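In case you want the letters, here they are:
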Amino acid sequence: MPNIQINWSYFFDIGALPFPQMMWKLFVDGGWIPTLIIMLTGFWQLWVQWRQEKFAGTIAYNLLAIDIPRSNEQTPKAVEQVFSLISGAYSNLDAFEKYWIGKFQLTFSFEIISIGGYVQYVVRTPAKFRDLVESAVYAQYPDAEIVEIADYTGTVPKVYPDPEQELFGTEFVLGKPAHYPIRTTIQFEHNLSEEYFKDPLSSLLEVLGSIRASEQVWLQYLITPTDDKWKHAGEEAVDKLVGKKKPLKKNVFDHMVDIPMAVLGELGSMMSTSSEEKKPDKKDDIFKMLALTPGERSVVEAIQMKLSKVGLRAKLRLVYVGRRDVFSKGRIISAVKGALSQFSALDMNGFKNYSKVMPKGDYFYQRWFENGKKMRLLRRYKSRSNEGAPPYILNIEELASIYHFPAMHVKAPSLSKTEAKKAEPPAGLPMPEFRKRTPFTRVEKNPPPPPAAKEDSPDDLPFA
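Predicted, not measured: the structure shown is a model, and the values here were computed from it.

S.K.: Would you mind showing me how to read the pairing of strand E1 (residues 61-69) here?
M.R.: Note on strand geometry: in a regular strand, side chains alternate between the two faces of the sheet. Burial of E1 is extensive: eight of the nine residues sit out of reach of the surface. Of the pairings in the sheet, the one linking E1 to strand E3 (residues 118-126) comprises six bridges and is antiparallel in character. The residue of E3 that forms the bridge with leucine 63 is arginine 124. One ladder, built from four bridges, connects E1 with strand E4 (residues 145-149); its direction is antiparallel. Across the sheet, residue aspartate 67 finds its bridge partner in E4, namely glutamate 145.

S.K.: Honestly, the pattern of salt bridges in this entry has me stumped. Any pointers?
M.R.: Counted according to the given criterion, the structure contains 18 salt bridges. For lysine 77, the salt bridge is made with glutamate 80, and the minimal N-O distance between the two is 3.7 Å. Residue lysine 77 and its partner glutamate 80 are located together in helix H3 (residues 76-86), separated by three residues, close to a single helical turn. Overall, the relative accessible area of 39% leaves lysine 77 in the partly exposed class. By sharing partners, the salt bridges in this structure join Lys77, Glu80, Lys309 and Glu397 into a single network.

S.K.: Hey, could you run me through the environment of isoleucine 393 in this one?
M.R.: With respect to the element layout, isoleucine 393 can be found in strand E9 (residues 392-395). For isoleucine 393, a relative accessible area of 10% gives the class buried. Placed 78 residues apart in sequence, isoleucine 393 and lysine 315 show a C-alpha to C-alpha distance of 8.6 Å. Sequence-distant contacts of isoleucine 393, defined by excluding residues within four places in its chain, comprise Leu174, Ala178, Thr226, Trp230, Lys306, Gly311, Leu312, Arg313 and Glu398.

S.K.: What is the right way to look at the packing of helix H7 (residues 231-242) against helix H10 (residues 294-307) in this model?
M.R.: The description of two packed helices rests on the angle between their axes and on the distance between the axes. Where H7 meets H10, the axes come as close as 10 Å, and the angle between the chain directions of the two elements is 160°. It follows from the interaxial angle that H7 and H10 lie roughly antiparallel. The two elements H7 and H10 cross, and the hand of that crossing is left-handed. The residues of H10 that touch H7, namely those facing Lys231, Gly234, Glu235, Val238, Leu241 and Val242, are Val299, Val300, Ile303, Gln304 and Leu307.

S.K.: Which parts of the structure should I look at to understand a nonpolar patch on the surface?
M.R.: Together, Trp24, Phe27, Val28, Trp32, Ile33, Leu36, Ile37, Met39, Leu40, Phe43 and Leu46 line one region of the surface with nonpolar side chains, adding up to about 1100 Å² of accessible area. Relative to the helices and strands, valine 28 resides in helix H2 (residues 19-56).

S.K.: Just checking my understanding: could you explain H2 for this structure?
M.R.: An α-helix turns once per 3.6 residues; consequently, residues spaced three or four apart project the same way. An ideal rise of 1.5 Å per residue puts 56 Å on 38 residues; H2 reaches only 46 Å between its terminal C-alpha atoms. Of all the bends found along H2, the most pronounced is centred on glycine 30 and spans about 80°, while proline 34, a proline, follows it within four residues. Within H2, burial applies to Met22, Val48, Arg51 and Phe55. Buried residues along H2 sit in contact with helix H1 (9-15) and helix H4 (95-101).

S.K.: What am I meant to see in the side chain of histidine 179 here?
M.R.: Turning to its location among the elements, histidine 179 is positioned in the loop between strand E5 (165-174) and helix H6 (202-208). Residue classification places histidine 179 among the buried residues on the basis of a relative accessible area of 11%. When neighbours within four sequence positions are excluded, histidine 179 is seen to be in contact with Ala233, Gly234, Ala237, Ile303 and Lys306.

How each quantity is defined
- Residues numbered from 1 in each chain as written.
- Predicted model: local features only at pLDDT ≥ 70, side-chain atom pairs only at ≥ 80, totals over all residues.
- Heavy atoms only, no water.
- Buried < 20%, exposed > 50% of the residue type's maximum accessible area, 1.4 Å probe, protein only.
- Helix = DSSP H or I, 4+ residues; strand = E, 2+ residues; numbered from the N terminus.
- Pairing = 2+ DSSP bridges.
- Salt bridge = Lys/Arg side-chain N within 4 Å of Asp/Glu carboxyl O.
- Contact = heavy atoms within 4.5 Å.
- Axes fitted to C-alpha atoms, helices over the stretch in contact; angles between N-to-C directions.
- Parallel < 35°, antiparallel > 145°, perpendicular 65-115°, else oblique.
- Left-handed = near helix turned anticlockwise from the far one by under 90°.
- Patch = residues over 30% accessible without salt bridge, like charges linked within 9 Å, V, L, I, M, F, W, Y side chains within 5 Å.
- Areas by Shrake-Rupley, 256 points an atom, 1.4 Å probe, with all protein chains shown as cover.
- Expected span 1.5 Å × (residues − 1).
- Bend = angle between axes of the 7 residues up to and from the residue.

Right, dumping it as structure tokens:
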């Protein structure tokens, strides 16, 4: 074994120099290498960010309000099919598209909003995928109404503190790794009463419909199609739970060594006089699975069930705005957290608050950053940005459990629904133009030019 010695005199000599000379000496003698790596990494990230921002400026979006029939009898399984079609928007980008053109995977925003107690389901989609979203919804809800509306987020102040309005919000993340599933609507089905399905969103819709006229509550579900690489972590977790040994990954050097070793092993077995064979491993995978406890077995089955369905990258965000005299963040955040807690399981997964983005003012040092967090949270909501809390993977069954249209038995009087089923009109019947009274400004798909002699009618409509 070679004798390695370290010459400590170099460090003693540098330590005796003045601080500026010491730093320069370290930089010249090799410190420039990590400095160069850090600078190149920073320049590369700035380049990618610049290209992505330039590409993002070319993307047009549509904000669609969705009203379903009052006699809706569809279960969340229908919305599961909607998300399955949305996953088809995934595109496998190459290096040129990513780092030169600046392309990235586009995000869909599924939202449940309440403005003064008027509850509306909204979807923000890239304009080129508008037909995909409408087709996915109409395929499951043929009598639904989908209209384009103006962005409702522009009605609240942008800068805080504000003398009249107050804002609060947060983002929610998973408590465990994403391959652990949350409770889905299958766990809410039973046969003990006339109503087979107990909708977990009914209590949330009731709270959203009971807020005051000067309050607004926005729930945002950001959905981004992704590939299947997220399943690798779940497969490794299953192998670890059942005790299955993972084969070691070998590089080129390992394979070069294995070839002569295999040849020597064959020669040794031919020259050996012993006929003793290698005994098989006593612990077979089947027996390992049977040795699991009922709780461990249910976790393995739940993970495998999640891996069997399409997954999408998701993020959940909440914003609550209200006039100062009626503002009550505890009432809203408790209702939303209580509704999300229904999807939590102690041995599986569940949602929890991501406190790093939540504006707090309990302690003096938290008040220094409170208003900044409010403005950043509002800006991220308005831009439907994936910044803030880290996104996670939910499969289509989990997404349909936390975001779906209520069934007929859900009594939410302030929820926007279609009044009647659609039918083809008689031939030759004149159809006058009309607008449904909603608190949202509707946007015509191909608006006709206004007549020159008449003044345009205002677009802002009163509350229903």
